[in-house]
Amino acid sequence: MTGVLSAIELAYWQQTTIRLLAGLVAVLLLTGGVVYLYLFKFVSFMQSRLGPMEAGPYGSLQLLAEVGKWIQKEDISTKDADKFIFGLAPAVVLVSTFLMFVVIPAGPNAVMADLGTGIYYVLAISSLSVIGILMAGWASANKYALMGALRAGGQLIAYELPLVLGVLGVVIQAGSLNLQDIVYAQSNGEIFGISAIGNPYILTQFVAFAIFMIAVQAELTQTPFDMPIAESELVAGYQVEYSGIRFLVYFIAEFATAVGFAAIASTLFLGGWALPASWGFSDTAMHVIGPINVSIKAVFLVGVVFWVRFTFPRFREDQLQRLAWKGLIPLALANIVVTAILKVVF
Amino acid sequence: MTGLFAAAPSAVSFDTPANIAFAVIAVVMVIAAVRVVTTRNVVHAALWLMIVLGGNGLLYLLLQAEFVAMTQFLVYLGAIVVLFLFGIMLTRAPLGRSDDLDNDQRWMGVAVSLILLVVIGYSLIKTYSDDKLTFGAVRNAGTNAQTQDLATSIFVDYLVPFEVVSVLLLAALIGAIVLARRD
């Protein structure tokens with residue numbers, strides 16, 4: 001930063017407020033951009049249609065129109081619903097989503113809280129959203145909602161294990177749980193003495209990357225793992241009784257979680273905000289390049305998630321569980337053993 | 001999150017924000033714990049239990065045990081409470097009050113918990129009454145130092161107890177599978 005800016009001393013609460021606002025704006029902008037880019041346009045082109053074209057140039061303001069529509073709708077619930085839990089459930093999901101972004105670094109200093117247990121914190125916090133889903137399904141007083149919530153519970157528990165075990169490979173290789181340390185380990189790393197591109201862990205941990213992305217797909221309940229909200233059998237699963245602004249909260253949480261997990265994946269496997277250290281960019285330049293860099297990588301990875309979503313048919317419940325317990329978890333454990341052995345050998 | 005408690009850089013023995021935070025969390029936890037056993041709705045009981053376990057994790061954070069706190073969130077909130085809720089909803093998930101939840105052993109329960117309180121309280125006071133907890137600045141913020149300390153004590157100092165516990169858990173796991181599979 002320039003001399004003028006570095007001369008400004010901010011109190012702790014001022015820094016926190018600025019970081020919160022900047023983080024919120026970044027998350028909402030990225031989420032909205034992803035929804036427009038992939039959910040509205042990308043899928044339309046895949047299906048040989050134009051998608052929204054009326055609101056704004058190329059339908060770019062369609063999302064604002066949709067948000068306006070949802071906010072105006074009446075907030076209704078079923079007669080037998082447990083009103084308090086019913087209202088609390090979307091908040092639980094949204095909070096657990098936004099808390100994920102607290103530790104994602106976007107530059108040398110651009111991280112809200114540089115926790116020593118960074119990636120472990122992300123996994124712990126993201127596992128809380130399933131509580132909100134179970135609360136929603138139960139409090140809706142609707143059997144479809146309850147079945148959707150049960151399916152979501154079973155699926156999210158099953159796919160949390162490969163998610164955690166897959167990440168362990170990266171943690172072993174970087175020797176740290178802190179996301180900044182993992183970014184620097186990739187930026188400063190070298191492969192067989194070649195440091196031209198650093199060492200993005202997608203090259204050495206490609207098994208972990210594949211496991212992580214599959215598990216993320218399941219955690220997001222995106223097709224082919226969308227049994228919990230299967231619209232042809234369960235209407236919309238745990239979301240069926242929600243309308244108006246509460247449904248909007250689920251919608252935002254779903255896509256913000258997609259952005260969050262994509263940002264985590266790009267931090268763990270694609271080098272995060274950093275460029276390879278051998279390219280010689282200073283910290284000053286990275287304050288500007290870093291956030292752009294990690295955003296582009298994250299949006300690209302969300303694109304991969306949506307590409308799979310719009311391409312594959314739905315898994316059956318037993319196939320889905322078999323893939324997690326008999327396929328991904330043994331593979332992740334094998335990856336940990338191999339990584340640990342190679343870590344000791346080299 | 002730990003930054004929240006890093007307000008005072010100097011090592012003071014009585015840190016007001018940390019003590020206020022402890023008091024608030026403790027009161028919420030006690031209320032929630034009482035509601036777990038008095039509520040008339042089994043799903044509400046599980047959700048109150050979630051508040052108790054989450055408050056426990058926050059207490060670990062106050063003691064700067066970051067890794068333990070995250071484990072508390074991941075295991076107890078993300079897995080055990082979810083498993084409780086899952087089990088309740090898979091069998092029966094009554095909305096509203098159910099009157100058959102009361103247990104006629106409640107006085108026995110009160111007696112057992114009082115005895116536990118006395119035993120644990122006595123042993124804690126006996127052992128640690130001379131130690132002073134210092135809150136204040138977070139030591140080694142943003143590094144793995146504390147996680148490494150924890151790993152060292154588990155895998156070096158207490159390796160044998162750790163392995164014994166893992167064998168015990170494995171035995172319990174196999175036993176559960178044997179009991180569940182009748183064939």
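Residues numbered from 1 in each chain as written. Chains lettered and ligands numbered in written order. Predicted model: local features only at pLDDT ≥ 70, side-chain atom pairs only at ≥ 80, totals over all residues. Heavy atoms only, no water.

## What about the domain arrangement of chain B?
Okay, so step 1: Parsing chain B into structural domains produces domain 1 (7-96 + 105-130) and domain 2 (146-183).
Okay, so step 2: Its C-alpha centre places domain 1 of chain B at a distance of 23 Å from the equivalent point of domain 2 of chain B. (Domains from an automatic or database assignment.)

## What about the interface of chain B and chain A?
Okay, so step 1: The interface is formed by 30 residues belonging to chain B together with 33 residues belonging to chain A.
Okay, so step 2: With both sides pooled, the region where chain B packs onto chain A buries about 2800 Å², and carbon together with sulfur makes up 73% of that total.
Okay, so step 3: The interface formed by chain B and chain A contains zero salt bridges.
Okay, so step 4: Here chain B is connected to chain A by three residue pairs in polar contact (both at pLDDT 80 or more).
Okay, so step 5: Those elements giving two or more residues to the side of chain B that touches chain A turn out to be helix 2 (42-62) and helix 3 (66-91) of chain B.
Okay, so step 6: Among the elements that line the side of chain B that touches chain A, the one with the most residues is helix 3 of chain B, at 14 residues.
Okay, so step 7: Within the side of chain B that touches chain A, the residues separate by chemical class into 19 nonpolar, ten polar and one charged. (Contact = heavy atoms within 4.5 Å. Buried area = accessible area lost by both parts, 1.4 Å probe. Salt bridge = Lys/Arg side-chain N within 4 Å of Asp/Glu carboxyl O. Polar contact = N/O pair within 3.5 Å; in protein donor to acceptor, adjacent residues only side chain to side chain. Helix = DSSP H or I, 4+ residues; strand = E, 2+ residues; numbered from the N terminus. Nonpolar A, V, L, I, M, F, W, Y, C, P; charged D, E, K, R; others polar.)

## Focus on unusual backbone geometry
Residues and elements named next belong to chain A.
Okay, so step 1: One non-glycine residue, Ser48, lies in positive phi territory at about 55°.
Okay, so step 2: As for its placement among the helices and strands, Ser48 is situated in the loop between helix 2 (12-46) and helix 3 (62-72).
Okay, so step 3: A positive phi angle is found at Ala141, which is not glycine, with a value near 55°.
Okay, so step 4: Checked against the element boundaries, Ala141 lands in the loop between helix 6 (129-139) and helix 7 (143-174).
Okay, so step 5: Residue Ala141 is classed as partly exposed on the basis of its relative accessible area of 32%. (Buried < 20%, exposed > 50% of the residue type's maximum accessible area, 1.4 Å probe, protein only.)

## Quick look at the confidence of the model for chain A
Okay, so step 1: With 98% of its residues at a pLDDT of at least 70, chain A reaches an overall mean of 84.
Okay, so step 2: Helix 10 (residues 206-219) of chain A holds the highest mean pLDDT among the elements of chain A, 90, whereas helix 1 (residues 3-6) of chain A holds the lowest, 58. (pLDDT = per-residue confidence, 0-100.)

## Quick look at the nonpolar core
Okay, so step 1: Judged by nonpolar contacts, the single largest core of 112 residues is most densely connected at Ile119, Ile131, Tyr159, Phe212 and Leu268 of chain A together with Leu85 of chain B.
Okay, so step 2: With 15 residues, helix 12 (residues 244-269) of chain A is the largest single contributor of residues to this core.
Okay, so step 3: In this structure Ile119 of chain A touches Val167, Val171, Leu177, Leu179, Ile264 and Leu268 of chain A, once residues within four positions along its chain are discounted.
Okay, so step 4: With eight residues, the next largest nonpolar core counts Ala18, Ile25, Met29 and Leu62 of chain B among its residues. (Core = buried A, V, L, I, M, F, W, Y, C linked by side-chain atoms within 4.5 Å.)

## So, the pattern of salt bridges
All names here are of chain A.
Okay, so step 1: Taken as a whole, this structure holds three salt bridges over all chains when the rule is applied.
Okay, so step 2: The partner of Glu66 in a salt bridge is Lys69, with the nearest N and O atoms 3.3 Å apart. Residue Glu66 and its partner Lys69 are both found in helix 3; the two are separated by three residues, about one turn of the helix.
Okay, so step 3: On the basis of relative accessibility, which here comes to 19%, the residue Glu66 falls in the buried class.
Okay, so step 4: The shortest N-O distance in the salt bridge between Asp318 and Arg322 comes to 3.8 Å. One end of the pair is Asp318 and the other is Arg322, both in helix 14 (residues 317-345) and four residues apart, which spans about a single turn.

## Quick notes on the packing of helix 7 of chain A against helix 3 of chain B
What describes two packed helices is the angle between their axes and the distance between those same axes.
Okay, so step 1: As a packed pair, helix 7 of chain A and helix 3 of chain B sit with axes 10 Å apart at the nearest point and diverge in direction by 145°. Once helix 7 of chain A is placed against helix 3 of chain B, the crossing between them reads as left-handed. Together, Leu146, Leu150, Gly153, Gly154, Ile157 and Glu160 of chain A of helix 7 of chain A and Leu74, Val82, Leu83, Phe86, Met89 and Leu90 of chain B of helix 3 of chain B make up the contact between the two elements.
Okay, so step 2: Tallied by class, residues from the contact of helix 7 of chain A with helix 3 of chain B come to nine nonpolar, two polar and one charged. (Axes fitted to C-alpha atoms, helices over the stretch in contact; angles between N-to-C directions. Left-handed = near helix turned anticlockwise from the far one by under 90°.)

## Topic: the confidence of the model for chain B
All names here are of chain B.
Okay, so step 1: In this model, chain B carries a mean pLDDT of 81, and residues with pLDDT of at least 70 account for 84%.
Okay, so step 2: The least confident element of chain B, judged by mean pLDDT, is helix 5 (residues 145-157) at 84; the most confident is helix 6 (residues 159-180) at 92.
Okay, so step 3: Note that residues 1-10 has pLDDT below 50 and, in this model, 19 contacts with residues that lie over four places away or in other chains.
Okay, so step 4: Under the prediction, the complex receives an ipTM of 0.80, its pTM being 0.84.

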